[in-house]
Amino acid sequence: SLERITIPLKDGMITYDSIFRRCENLIHIDLVGGGRVHEIIDALLWEEWKNDVNEEINAINQSLPTTPAGDDDEDVGGKALVILMW
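Residues numbered from 1 in each chain as written. Predicted model: local features only at pLDDT ≥ 70, side-chain atom pairs only at ≥ 80, totals over all residues. Heavy atoms only, no water.

Caption draft 1: Highlighting helix α2 (residues 47-63). Here α2 spans 24 Å end to end across 17 residues, near enough to the 24 Å set by a 1.5 Å rise per residue. For α2, the principal kink sits at Ile57 and spans about 35°. Within the span of α2, buried status applies to Lys50, Val53, Asn54, Ile57, Ile60 and Asn61. (Helix = DSSP H or I, 4+ residues; strand = E, 2+ residues; numbered from the N terminus. Expected span 1.5 Å × (residues − 1). Bend = angle between axes of the 7 residues up to and from the residue. Buried < 20%, exposed > 50% of the residue type's maximum accessible area, 1.4 Å probe, protein only.)

Right, dumping it as structure tokens:
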């Protein structure tokens with residue numbers, strides 16, 4: 001079953017709340033070019049801001065393991081919504 005996905009940092013990539021229904025094992029998201037994103041953030045001088053941004057980027061991987069995946073047509077789960085809000 002799906003455990004990990006890689007997506008670009010782009011609005012509108014996920015359009016359906018039910019797209020990850022029954023994907024209970026989905027627990028990790030990587031960003032396309034994520035290494036480069038982290039390099040750019042690390043090059044900035046504001047240490048507190050860098051820490052906040054890195055925490056925000058990594059927060060999705062803390063939320064997904066405990067977010068319900070949904071199990072039928074009526075229960076779509078929350079994984080897509082959590083990713084959309086992220």
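Caption draft 2: Representation of the environment of His38 within the structure. Mapped onto the elements, His38 comes out in helix α1 (residues 34-43). For the pair formed by His38 and Ala59, sequence separation is 21 residues and the distance between their alpha carbons is 14 Å. For His38, the contacting residues outside a window of four places in its chain are Asn54, Ile57 and Asn58. (Contact = heavy atoms within 4.5 Å.)

Caption draft 3: Seen up close, the pairing of strand β1 (residues 4-7). With burial as the criterion, only one face of β1 is covered, namely that bearing Ile5 and Ile7; the residues Arg4 and Thr6 on the opposite face remain uncovered. Taken together, the 4 bridges between β1 and strand β2 (residues 28-31) define a ladder with parallel strand orientation. From the neighbouring strand, Thr6 faces β2, where its bridge partner is Asp30. (Pairing = 2+ DSSP bridges.)

Caption draft 4: Local environment of the pattern of salt bridges. The full count for this structure, using the stated rule, is 1 salt bridge. Across the salt bridge formed by Arg4 and Asp30, the nearest N and O atoms sit 2.6 Å from each other. Taken as a pair, Arg4 in strand β1 and Asp30 in strand β2 lie far apart in primary sequence, 26 residues in all. Of the residues examined, Asp30 reaches a relative accessible area of 24% and is grouped as partly exposed. (Salt bridge = Lys/Arg side-chain N within 4 Å of Asp/Glu carboxyl O.)

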